[in-house]
Amino acid sequence: MRGVATGTLIFLIIGAVGVGVLALSLLGTELFHAIGGDVDGPVSVEVVAGFTGAFGFGGAIVNELLGAGSPGLVAAAAGGGALAAVPTAWLASRLSRAAKNMPTDPTPTRDHLVGAIGLVVTPVSAEGYGEVRVRVAGQPVKLNARADRPIPVGTQIFVVQTLSETSVHVETY
């Protein structure tokens, strides 16, 4: 049984370090910010991790294909690793930039409830609260509801006013 070549083992360790840095970066650990300040600079941690991982694993693959035993062949394997690493780093740069600049909807607030249409799920009495289900930003939300007159279960309503974060004043639709 043949063992793993030293060059291949070194490339695999480099690749594993890249994957480890990427995992920590994606999990939200601001790896280099712990050192102090903004050390990302023009290149993000994701790009460095992608480059390092692709360089290491690409170099290991080329090293095994060449059967590299001499320093010249290990250098050729490093070149093969670099050929894999450059496009991977470019792709990581594009993807991380797209994720950071992705437009998102604003967080819904109680003001977004006004005008929402829904259904009564627990009868609303004239002197107390009932419950209604409305959709806010596409999500169903169950709220406490007051009304000027009683509203039975299953009646379609719309929100006239927000009384608090979890209660509204409604009228029949």
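One can find the structure itself at the top, above this paragraph.
These remarks concern the structure in this document. Treat the numbers as computed from the prediction; the structure is a model and nothing was measured. (Residues numbered from 1 in each chain as written. Predicted model: local features only at pLDDT ≥ 70, side-chain atom pairs only at ≥ 80, totals over all residues. Heavy atoms only, no water.)

This part is about the packing of helix α2 (residues 45-66) against helix α3 (residues 71-100). At a minimum axis separation of 6 Å, α2 and α3 run at an interaxial angle of 150 degrees. In terms of orientation, α2 lies roughly antiparallel with respect to α3. As α2 runs across α3, the sense of the crossing is right-handed. Split into classes, the residues belonging to the contact of α2 with α3 amount to 17 nonpolar, nine polar and two charged. (Axes fitted to C-alpha atoms, helices over the stretch in contact; angles between N-to-C directions. Helix = DSSP H or I, 4+ residues; strand = E, 2+ residues; numbered from the N terminus. Parallel < 35°, antiparallel > 145°, perpendicular 65-115°, else oblique. Left-handed = near helix turned anticlockwise from the far one by under 90°. Nonpolar A, V, L, I, M, F, W, Y, C, P; charged D, E, K, R; others polar.)

Another aspect to go through is the sheet that holds strand β1 (residues 117-122). Strand order in the closed barrel made by the five strands is β1-β2-β3-β5-β4, with mixed pairing throughout. The sheet shows a mean angle of 55 degrees between the axes of neighbouring strands, direction not considered. Direction of pairing for β1 relative to strand β4 (residues 156-162): antiparallel, over a ladder of three bridges. Looking across to β4, one finds that I117 is bridged to F158. (Pairing = 2+ DSSP bridges.)

A rise of 1.5 Å per residue sets the reference length of α2, with its 22 residues, at 32 Å; its end C-alpha atoms lie 31 Å apart and thus fit the reference within 8%. In the stretch just after α2, G67 is the one whose phi turns positive, near 65 degrees. (Expected span 1.5 Å × (residues − 1).)

Opposite charge on two side chains makes pairing possible when the charged atoms of those side chains draw close. Counted according to the given criterion, the structure contains two salt bridges. Between E165 and R110 there is a salt bridge whose closest N-O contact spans 3.9 Å. With E165 in the loop between β4 and β5 (167-172) and R110 in the loop between α3 and β1, this pair connects stretches of sequence that are 55 residues apart. Where K142 meets E131, a salt bridge forms, and the shortest distance between an N and an O atom there is 3.6 Å. Of this pair, K142 sits in strand β3 (residues 139-146) while E131 sits in strand β2 (residues 130-136), placing them eleven residues apart in sequence. (Salt bridge = Lys/Arg side-chain N within 4 Å of Asp/Glu carboxyl O.)

Attention now moves to helix α1 (residues 6-26). With 21 residues, α1 extends 30 Å from end C-alpha to end C-alpha; this agrees with the ideal 30 Å at 1.5 Å per step. The inward-facing, buried residues of α1 abut α2 and α3. (Contact = heavy atoms within 4.5 Å.)

Together, V4, L9, L12, I13, V17, V19 and F57 line one region of the surface with nonpolar side chains, adding up to about 600 Å² of accessible area. Here F57 lies in helix α2. (Patch = residues over 30% accessible without salt bridge, like charges linked within 9 Å, V, L, I, M, F, W, Y side chains within 5 Å. Areas by Shrake-Rupley, 256 points an atom, 1.4 Å probe, with all protein chains shown as cover.)

Moving on to unusual backbone geometry. Even without a glycine there, the phi angle at A137 is positive, about 55 degrees. Mapped onto the elements, A137 comes out in the loop between β2 and β3. A137 gets classed as exposed once you look at its relative accessible area, which sits at 65%. (Buried < 20%, exposed > 50% of the residue type's maximum accessible area, 1.4 Å probe, protein only.)

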